[in-house]
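Observations on the three-dimensional arrangement
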Amino acid sequence: MSETTIVKRDKVVIGSRKSQLAMLQTEWVRDRIQELNPGITVEIKTMDTTGDKVLDVSLSKIGDKGLFTKELEDMMLNGTIDLAVHSLKDIPTKLPEGLKLGAITKRYSTSDAFIANAKKHGKDCKLADLPKGAMIGSSSLRRVAQLKKSYPHLQFKDIRGNLNTRFKKLEDDENGYDGMILAVAGLERMQLTDHISEVIPDSVSLYAVGQGSLGIECKDGDTFIQSILDPLNHRESMTCCEAERSMLRDLEGGCHVPIGVVTKLHNQSQPNETLEINAIVLNLDGSKFIESNIIGPSNQFIQLGKSIAQDLINKGSKDILSEFIKK
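Taking an unreviewed UniProt entry as the reference, the protein is identified by name as Porphobilinogen deaminase belonging to Dictyostelium firmibasis. Comment text from UniProt for the protein, heading Pathway (unreviewed entry), reads "Porphyrin-containing compound metabolism; protoporphyrin-IX biosynthesis; coproporphyrinogen-III from 5-aminolevulinate: step 2/4."

In structure tokens:
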């Protein structure tokens, strides 16, 4: 068989959302591509997605069909852009026909963080220190469901918008927020970690599928784009994230449902390397939940994801998720 011929191009167009965090992520990818391919010009085209435009409705009520990705995917399919950079946790596990994940970048922190309303409680206030009835802002059902388990004295209210918008909402007394929950990875990329009051441990809140990594989407069959994305793919992060996405796909859960996960590689880069997955499925208030754990050879990461999904299904996860869908 002859090798596939890669027809090189001198220009690449990346699609991105317009938010500051999205642009920082996309510019990082652009810079890596240009460093590795000095002769290529890289252009960025920006746009607002449905998830960016509709800010007065919770994510779970808008729907879960690529809220932050669909418009960019359409641009790829019609040839306007060559690739799109997303937070991996926002990418549906089932991609449109003709598109694929070309790379998963090295993971930043997977943890969630509590940011206290410093005017009310001081910057170093912890979740456990808050008074009964304190209002926490979060747009994630996964975070809310898990935090209700550990902190039943707290109340939760949706908070939408980009990071800068959320900080303004937190500081506005009229909104009544005592604090909010955000991903550490986004705060790291925006250099806002000095606002963190508490990093929430995995024992309290398992993270979202794909959290902390960027996913770079491209056309299936575009060998040139794939060739420039290959060096950006981080093997260890890809192994963990693809296992998580395999689990989520079989659970038929979307990006915005109460499903948490923690994946770890043991004996990294050794012949006996293994992958461990811990997962939880919860109802909306955290009063019902199902947990599972699996460990096996890391080169079987897709099957491990499917196996833990089946165990969760056997334990009744479909009933919990159907209850969520009805609401």
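1. Considerations on the sheet that holds strand β4 (residues 99–104)
Pairing in this open sheet of five strands is mixed, and the strands run β2-β1-β3-β10-β4 from one edge to the other. Edge positions in the open sheet fall to β2 (41–47) and β4, since each of these has one partner strand only. When strand polarity is set aside, the average angle formed by the axes of neighbouring strands in this sheet is 30 degrees. Of the strand pairs in this sheet, strand β1 (residues 11–17) and β2 are connected by seven bridges, and their pairing is parallel. Looking across to β2, one finds that K11 is bridged to T41.

2. Looking at the pattern of salt bridges
Inspection of the entire model under this criterion finds 21 salt bridges. D90 serves as the salt-bridge partner of R17, at 3.9 Å between the closest nitrogen and oxygen. Of this pair, R17 sits in strand β1 while D90 sits in the loop between β3 (83–87) and β4; the two residues are 73 residues apart in sequence, bridging distant segments of the chain. Here D90 falls in the buried class, since its relative accessible area comes to 10%. Through salt bridges with shared partners, one network takes in R9, D82 and D222.

Conventions and cut-offs
Every chain is numbered independently, its residues counted from 1 as its sequence is written. For this predicted model, a pLDDT threshold of at least 70 governs which residues receive local features, and a threshold of 80 or more governs which side-chain atom pairs are given and counted, while totals over whole chains, interfaces and linings are taken from all residues. Side-chain metrics in this entry use all non-hydrogen atoms of the structure; hydrogen atoms and water are not considered. UniProt positions are given in the numbering used here, feature names are shortened, and annotations may be inferred rather than shown by experiment. The criterion for strand pairing is that DSSP finds at least two bridges linking the strands in question. Each helix corresponds to a stretch of at least 4 residues labelled H or I by DSSP, and each strand to a stretch of at least 2 residues labelled E; elements are numbered beginning at the N terminus. The angle between two axes is taken between their N-to-C directions and runs from 0 to 180 degrees, where each axis is a line fitted to C-alpha atoms and a helix contributes only its stretch in contact. Salt bridge criterion: a side-chain nitrogen from Lys or Arg within 4 Å of a carboxyl oxygen from Asp or Glu. Only protein chains enter the accessibility calculation, which uses a 1.4 Å probe; a residue is then buried when its area is under 20% of its type maximum, exposed when over 50%, and partly exposed in between.

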